[in-house]
Amino acid sequence: MMKANNSSNSNSKKNTYISALTLLGLSLCGGIAHGHTLNLVVDNIPKHTGQLMIQIFDSKEKYDSGRGAFISALTPVTQTRHEIVFSQLPTADYAVRIVHDENGNGSLDVNFLGVPLEGYGFSNDAGSLGPASFEDAKVGIDSDIELIIHIR
C-alpha cells in the first residue's frame, strides 16, 4: 500500500516537472500569447449626449465593408474626453473608426449631400477630406500603445 502512494507521488512530481518544462519551452518560443493593450483616448467631444460607437478592424476587406469588426464597442458619452482600454490584442495592423452617435439611433446621421451631422474620427486622424481609407487609418500594434482620436 505504501508503495502505491509513493508511485502516485512520484507520478505527480513527474507530471508537475513536465508541465513546468512545457510552459517554459512555450514561453521561450513565443507559444504563449500575451497580447497588447490599446489605450484609446477620444477627445474633442462637443456634446455630452448619446454614445461613442467604436469599431476596430483588422483587415481592409472588413473595414471597407463595415462588417466583421475585430472589436465593436459602445460607450455612453458623459464628458469631452473618454479613455477606453482594449487588452489582449494580437500583433497586427488595425484601423479604428468612431462615430459620436449623439441621438442614439445606432448610425452616423448625414445631410442630403452625405455630409455627417454627427461627430466622427479615425485612427491617425485620417479622413480629413471624407472617409478614411484602411491604409490611411492603419496602425501597427506590436506592443502596448495609446491612440488619440479627435472627434470632428
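Report follows, based on the coordinates. (Residues numbered from 1 in each chain as written. Predicted model: local features only at pLDDT ≥ 70, side-chain atom pairs only at ≥ 80, totals over all residues. Heavy atoms only, no water.)

Let us now look at the nonpolar core. In this structure, L40, V42, I54, I56, F86, V96 and I98 are the most contacted members of the largest nonpolar core, which totals 20 residues. Of all the secondary structure elements, the ones that give two or more residues to this core are β1 (36-43), β2 (51-57), β4 (82-89), β5 (92-101), β7 (139-141) and β8 (145-150). Ignoring any residue separated from it by four or fewer positions in sequence, one finds V42 in contact with L52, T80, R81, H82, I84, I98, I149 and I151. By size, the runner-up hydrophobic cluster in this structure holds nine residues, among which are F57, Y63, A95 and A137. (Core = buried A, V, L, I, M, F, W, Y, C linked by side-chain atoms within 4.5 Å. Buried < 20%, exposed > 50% of the residue type's maximum accessible area, 1.4 Å probe, protein only. Helix = DSSP H or I, 4+ residues; strand = E, 2+ residues; numbered from the N terminus. Contact = heavy atoms within 4.5 Å.)

Moving on, we get to the pattern of salt bridges. Going through the model one piece at a time under the given rule, you end up with five salt bridges. In this structure, the salt-bridge partner of K62 is D58, at a minimum N-O distance of 3.5 Å. Among the residues examined, D58 registers a relative accessible area of 28% and is labelled partly exposed. A salt bridge links E135 to K138, with the nearest nitrogen and oxygen atoms 3.1 Å apart. (Salt bridge = Lys/Arg side-chain N within 4 Å of Asp/Glu carboxyl O.)

Keep in mind these numbers describe shape, not what the thing actually does.
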